[in-house]
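The primary structure of each chain is shown beneath.
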Amino acid sequence: MKEEQVVAASTSRDGSKEGISDDEDDSIIDPKKHQLNIKQCGPALQHILEYMVTKTGWAFSIIMGGPDLLDAQGKCIVTSLHVGENKLGYNFAQAYSRFDGEVVQAYTEFLDDIFGTLLHSSITNNILIMRKGI
């Protein structure tokens with residue numbers, strides 16, 4: 001079980017976050033809160049996937065990503081989490097030699113399509129204003 005992180009070149013905008021809360025206005029994102037939320041994804045998903053392995057016996061791979069709000073050029077961070085190993089002890093990312101070059105690259109292009117639709121983004125006083133629904 002392993003989480004991998006790849007920083008991929010992207011045309012995405014700047015951004016970041018901390019502390020998940022449903023009562024916050026989704027159109028205003030505090031970069032520090034955003035960064036904390038991102039850091040919580042791996043451990044939370046790891047726990048869920050390990051539970052799902054015990055209930056199903058399946059192997060799981062998750063790929064996720066978005067703009068790094070702390071990066072001035074708005075490059076996307078792509079993270080993958082894998083549970084399950086082949087007979088050689090490799091997870092999917094390790095077993096598939098072209099994972100970074102093909103899977104991560106295709107996903108980064110997908111993220112560019114999503115985050116390239118940002119209506120307005122600007123970091124002023126550590127606040128990023130983004131269009132809702134992204």
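For the structure, check the block above.
Computed from a prediction, not measured in an experiment: that's the story for all the values here.

### Brief notes about the overall build of the chain
Point 1. If you tally the helices and strands in the chain, you get three helices and six strands.
Point 2. In the chain, the succession of α and β elements from N to C terminus is β-β-α-β-β-α-α-β-β.
Point 3. With 134 residues in all, the chain has 31% of them scored as buried.
Point 4. The long-range fraction of contacts in the chain, counting pairs at least 24 apart against all pairs at least 6 apart in sequence, stands at 58%.

### As for helix α1 (residues 31–56)
Point 1. With 26 residues, α1 extends 37 Å between its outermost C-alpha atoms, agreeing within 8% with the 38 Å of an ideal straight helix rising 1.5 Å per residue.
Point 2. Taken as a whole, α1 carries its principal kink of about 30° at C41; the proline P43 stands between one and four residues after it.
Point 3. Every buried residue of α1 is listed here: P31, H34, Q35, N37, G42, Q46 and L49.
Point 4. The positive-phi residue at the C-terminal boundary of α1 is G57, with phi of around 75°.

### Comments concerning the environment of A59
Point 1. By secondary structure assignment, the location of A59 is in the loop between α1 and β3 (60–67).
Point 2. Considered as a pair, A59 and V83 are 24 residues apart in the sequence and their alpha carbons are 5.6 Å apart.
Point 3. Among residues more than four places away in sequence, those in contact with A59 are V83 and G84.

### Quick look at the nonpolar core
Point 1. With eight residues, the main nonpolar core is built from C76, V78, A93, F99, V104, Y107, L111 and F115.
Point 2. Within the residue set of this core, elements represented by two or more residues are β4 (76–83) and α3 (99–115).
Point 3. Among the elements that take part in this core, α3 stands out by supplying five residues, more than any other.

### Here's the deal with the environment of E102
Point 1. By the secondary structure assignment, E102 is in helix α3.
Point 2. A distance of 2.4 Å separates a polar atom in the side chain of E102 from a polar atom in the side chain of Y96.

Parameters at a glance
Residues numbered from 1 in each chain as written. Predicted model: local features only at pLDDT ≥ 70, side-chain atom pairs only at ≥ 80, totals over all residues. Heavy atoms only, no water. Helix = DSSP H or I, 4+ residues; strand = E, 2+ residues; numbered from the N terminus. Buried < 20%, exposed > 50% of the residue type's maximum accessible area, 1.4 Å probe, protein only. Contact = heavy atoms within 4.5 Å. Expected span 1.5 Å × (residues − 1). Bend = angle between axes of the 7 residues up to and from the residue. Core = buried A, V, L, I, M, F, W, Y, C linked by side-chain atoms within 4.5 Å. Polar contact = N/O pair within 3.5 Å; in protein donor to acceptor, adjacent residues only side chain to side chain.

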